[in-house]
Each structure stands twice: as C-alpha cells, then as structure tokens.
Amino acid sequence: MLHASSFDHDARVSWKSVRLELARSPEFPRGSASRAFLLRLPLCNDGSIDCEAINLNESQATVRRFWASEPDSLGKIVRSDGEWSLRFGSDTSAGFRMPDDKLVVDQAISIQGPDGVELPFRVISIAPLGRLPSHAS
Amino acid sequence: MDQPASPPSGSDSEAHLRSILATVPDAMVVIDETGHILSFSAAAEKLFGYAESEVVGENVSMLMPSPDRERHDGYLKNYRNTGERKIIGIGRVTTARHRDGNTFPIELSVGEAWVGARRIFTGFVHDITHRQQAELRLQDLQAELAHVGRISEMASLASSLAHELNQPLTAVANYCESGRDVLAGKPTVDAIETAREAFDEAAQEALRAGQIVRRLRDFMSHGESDCRVESLSRLITEANALALVGSREHGIDVQIQLDHEADAVFVDRIQVQQVLTNLIRNAIDAMIGSSVRSLTIRTTAGPDDFVTVCVEDTGAGIDETVAPQLFQPFVTSKATGMGVGLSICRTIVEGHGGRIWFEQRPGGGTIFCFTLPTAGEVQ
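Structure report, in brief. (Residues numbered from 1 in each chain as written. Chains lettered and ligands numbered in written order. Predicted model: local features only at pLDDT ≥ 70, side-chain atom pairs only at ≥ 80, totals over all residues.)

### Some remarks on the overall build of chain A
Along the backbone of chain A there are one helix and eight strands. A buried classification covers 31% of the 137 residues belonging to chain A. Long-range contacts, defined here as pairs at least 24 residues apart, represent 44% of the contacts in chain A between residues at least 6 apart. (Helix = DSSP H or I, 4+ residues; strand = E, 2+ residues; numbered from the N terminus. Buried ≥ 20, exposed ≤ 12 C-beta atoms within 10 Å, placed from the backbone. Contact = placed C-beta atoms within 7 Å.)

This is the structure we're talking about:
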C-alpha cells in the first residue's frame with residue numbers, strides 16, 4: 001500500500017471530500033449546482049488544509065471539476081506562492097487559484113480561473129473519504 | 001392555443017403534476033427540449049442529493065458523468081433534427097452521478113410529451129445498484145460454467161487429438177524414411193518412382209494432420225459469435241454501469257476517455273461487454289485496499305485496423321509469480337473466484353482477431369489493454 005503509514009502522522013488531520021459549488025453572481029443570480037469542484041484533501045479540525053499531509057501524499061490531493069455540458073476533468077491540488085493551485089492536464093502553469101481560506105460548510109471561496117476571472121464559490125459539503133487504509137498500531 | 005376537450009387549468013395541472021412527482025417511487029426528471037430541468041421529483045432529490053430548487057433551470061447533463069455529460073446537448077439536438085429514437089420509448093442501462101461525485105448504475109426510460117406547443121421529456125430513473133448485483137453474479141456463474149465446460153471438453157478433445165495426430169505424423173516419418181532409404185546408393189528409375197510415391201503419401205498425411213489441427217482451431221474460436229458494427233463508447237458506458245454495481249461505497253474515481261475516431265467496431269456486443277465488465281471489476285477489486293482508487297477506461301485508434309481499449313487501475317499491481325500465466329484458466333490471485341475470467345477474456349479477444357495484454361502502471365497499479373477490429377475492416 002502506497003504511503004499507508006503517512007496518513008496518520010497527525011490524528012487531528014483527516015482526508016475529506018469537499019464540494020464547492022458556484023455561488024450567486026451577476027451571471028448566475030441563484031448560483032449553479034452544476035458548476036462545481038470536488039476537492040479531495042487533508043483537513044485539520046479547524047478546516048485549514050494540512051500542507052504537511054499533502055506533501056507526504058502528493059498524488060492523493062486531487063480535484064475534480066464538473067462544469068455544465070463539459071467533460072469532467074481530474075486535476076491535482078498543488079501549493080504555489082502561498083496559495084493553492086488546482087491544475088488540470090499537463091500544463092503546469094495554467095490552473096485555478098484558490099486562497100488559503102479555511103474550508104468549512106457555507107464558507108465563501110473565491111477561485112480565480114486560468115483566464116484571470118474570479119468566480120465566487122461556496123462550500124456545500126464536507127464528507128469523510130471512504131475507508132482509507134487504517135494504520136493498526 | 002386550441003386544445004381538445006377541456007384541459008385542466010394551468011394551476012390545476014401544475015398541482016396535479018406536483019402530487020405525482022411527490023409520490024412516484026422512481027426518480028422523475030422533467031426537462032425541456034434543450035435539456036434544462038423543469039421539475040425534479042422527491043425521489044430524484046433523494047437519489048441525486050440535490051434539492052429541486054437547486055437544479056431547476058440547470059442542464060440535466062449535470063446528473064451524468066462524462067462522456068454523456070458533454071454529449072447530451074448533442075443527443076437532444078440530433079433527436080430534434082432527425083427524430084431518430086435512441087432512448088425515448090426504449091430505455092437503457094447507463095450511469096448517473098450523485099452530488100457527492102460518485103457514479104451509480106441506473107435504468108433510464110424517457111417519455112416524450114407535448115404541452116401545448118412545448119415539447120418536454122420525462123426521464124424515469126431507477127437505481128439498479130442492488131438488482132444488478134444479483135443478476136451480474138448469475139451471469140458470471142453461467143459464463144464461468146460454460147467456459148469451464150469448454151475447457152474440460154477441450155481437455156478430452158486434446159487427448160483424442162494427440163492420438164489422432166500421432167497417426168499421420170508417424171506415417172509421415174515412415175514414408176520419409178523409406179523414401180530416403182530407397183534413394184540411398186545409386187538410385188534406379190524404379191527407386192526414384194518409389195520414392196516419389198512415398199513422398200506423395202507423406203504429403204497427404206501431413207495435410208490430414210493439418211485438417212485435424214484446423215478442426216481444433218474452429219472448435220476453440222467460438223463458431224457462434226455474432227459480430228456487428230457497434231459503438232464502442234456505448235459498449236463501454238453500459239459495461240461500466242454494470243461493473244460499478246456494488247462499488248459505490250468504495251468511492252472510485254471513474255474516468256472515461258474516448259477517442260472519437262475509434263468508435264465504430266465490428267464485434268460481438270455481448271462478448272465484448274463481458275470482457276469489459278470482467279476487466280473493470282478486476283480493477284475495482286484490485287483497488288479496494290488502496291488509498292487512491294482511480295479507474296480510467298481509455299480508447300485509442302490503432303494499431304492499423306484495430307482500436308485499443310485500456311482499463312487502468314491504481315491497485316496493488318500484479319504479483320510477479322502469477323503474471324506469466326495470467327491469461328491461463330484456473331490461475332487466480334483472488335481468495336474467491338475460479339480464475340477463469342481473464343482466460344475467458346483472452347478467448348473472446350482472440351476470437352475477434354485481437355490481442356490482450358497487461359502493463360504495470362507507472363506509479364502503481366495495472367493497465368489491461370486489448371484490441372478490437374474497427375468497423376472499417378469488416379471481413
């Protein structure tokens with residue numbers, strides 16, 4: 001099993017599935033549930049993203065982007081310039097930029113697209129990830 | 001707008017529709033001609049995890065995984081333009097996506113109706129996660145039994161073949177030896193004639209041996225396959241829906257990447273779906289113990305007149321001790337199962353003139369690939 005032991009470096013960190021949906025904006029006055037990011041990352045109890053856990057398990061911090069009538073895409077969550085970068089495809093420079101905010105339900109998060117346009121998102125749900133390998137001690 | 005009889009007033013029919021939507025056990029999703037959601041039943045809210053207020057006005061493609069998500073607008077447009085029914089009134093098994101990102105198998109039936117001048121489509125969505133589980137297992141058992149039956153038949157066939165082949169081969173050897181002996185020393189005209197006869201006989205016997213081998217090959221290459229031109233993307237979508245049955249709780253990321261150049265294949269649909277479900281379920285089984293569970297199904301055009309299909313998992317990989325005989329019957333690394341799945345896959349793929357193999361995935365896991373003939377090259 002890949003890096004199984006490193007999951008448990010801190011008991012206060014656990015891997016979550018965080019869904020962000022497009023929030024109200026002039027273009028979408030009611031927001032849009034069909035425009036979403038699904039983040040898979042380690043969160044501390046207070047909702048902050050655990051950098052250390054991500055560094056230990058880089059390949060596991062993933063993001064899926066669901067956008068109305070576009071193909072689903074799978075990307076990586078990478079730390080860059082004091083922010084988080086959601087990178088899709090092979091182009092490592094172009095990505096979505098996410099501020100270092102805490103992820104708690106209902107929190108507003110502003111995400112900047114590769115085109116520089118900022119869109120408002122909202123944390124819809126935070127769910128524990130399905131059985132990750134547990135570490136028998 | 002002229003309407004026959006006295007239709008219920010707008011608000012009456014609206015209330016009537018609401019009451020139906022609230023009580024039907026199957027999820028019902030009503031969309032307009034362009035795919036935008038008009039109403040979403042209580043069962044649909046539960047099934048997909050969205051409230052009706054959140055999805056009304058959204059494109060219904062939000063409830064589908066790729067590749068249907070990006071293609072659905074095209075499906076509707078195609079139907080508006082051609083009237084060709086691919087799902088309306090027919091129904092099919094496909095895959096849906098829950099708000100939590102997971103996909104699950106559904107049976108979808110779609111009805112069409114005109115409300116005044118407006119056309120609407122009503123989708124009835126039935127979650128078949130549990131029903132399919134039992135059916136799939138049954139189907140598996142039948143396939144395994146049929147295959148095991150074939151293998152034991154083959155074993156007895158092989159022993160009688162060995163016996164049958166022995167005769168012509170012995171004869172060939174005898175004739176050749178006597179020909180050589182006759183020609184030893186200074187060959188007379190008679191001796192040359194005798195040798196010629198002996199070699200003729202040897203050739204006849206060799207041909208007989210060839211016929212016996214051909215009979216065996218015919219037996220193995222399933223005479224009963226029923227090849228037609230099929231859409232590979234549809235085969236994959238359906239097989240994937242079936243194979244994902246019961247895997248929802250494992251939270252597997254499924255990605256389907258299709259090469260549109262490589263869609264039409266000339267295959268036996270049932271057999272190829274059997275190969276796909278087999279490989280996909282192997283992949284799921286292999287990932288249960290992994291922390292990353294990502295399944296990718298990819299098609300690419302080539303080589304030559306073939307299409308290559310790859311099923312990639314991020315599981316534990318294949319044990320080196322099992323790898324060399326992986327496609328042989330009764331070889332398995334699983335605690336349960338008879339180990340005939342991959343051998344069935346190989347029989348089917350080779351019966352189509354294709355090839356099946358596996359590779360280690362960089363970063364852990366396995367990639368199973370196989371080739372199928374494109375429909376451009378129909379024998």
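### Description of the sheet that holds strand 10 (residues 306-312) of chain B
Residues and elements named next belong to chain B. If you walk across this open sheet you meet the five strands as 7-9-10-12-11, and the pairing is mixed. Only two strands of the sheet have a single neighbouring strand rather than two, namely strand 7 (253-257) and strand 11 (356-360). Recorded for the sheet is a direction-independent mean angle of 15 degrees between the axes of neighbouring strands. Judged from the five bridges that link them, strand 11 and strand 12 (residues 366-373) form a sheet pairing that is antiparallel. Bridge pairing in strand 12 places Trp357 opposite Cys369. (Pairing = 2+ DSSP bridges. Axes fitted to C-alpha atoms, helices over the stretch in contact; angles between N-to-C directions.)

### Let's talk about the interface of chain A and chain B
On the chain B side, the residues contacting the 23 residues of chain A number 27 residues. Of all the elements in the fold, those that place two or more residues in the side of chain A that touches chain B are strand 1 (14-22) and strand 2 (32-43) of chain A. Each residue belonging to the side of chain A that touches chain B can be placed in one class, and the counts come to 12 nonpolar, seven polar and four charged. (Nonpolar A, V, L, I, M, F, W, Y, C, P; charged D, E, K, R; others polar.)

### As for the packing of helix 8 (residues 269-287) of chain B against helix 9 (residues 341-351) of chain B
All names here are of chain B. With their axes 9 Å apart at the nearest point, helix 8 and helix 9 run at an angle of 145 degrees to one another. Relative to helix 9, helix 8 is oriented so that their crossing is left-handed. Mapping the contact onto sequence places Gln271, Gln274, Val275, Asn278, Leu279 and Asn282 in helix 8 and Gly341, Ile344, Cys345, Ile348 and Val349 in helix 9. Partitioned by chemical class, the residues of the contact of helix 8 with helix 9 number six nonpolar, five polar and no charged. (Left-handed = near helix turned anticlockwise from the far one by under 90°.)

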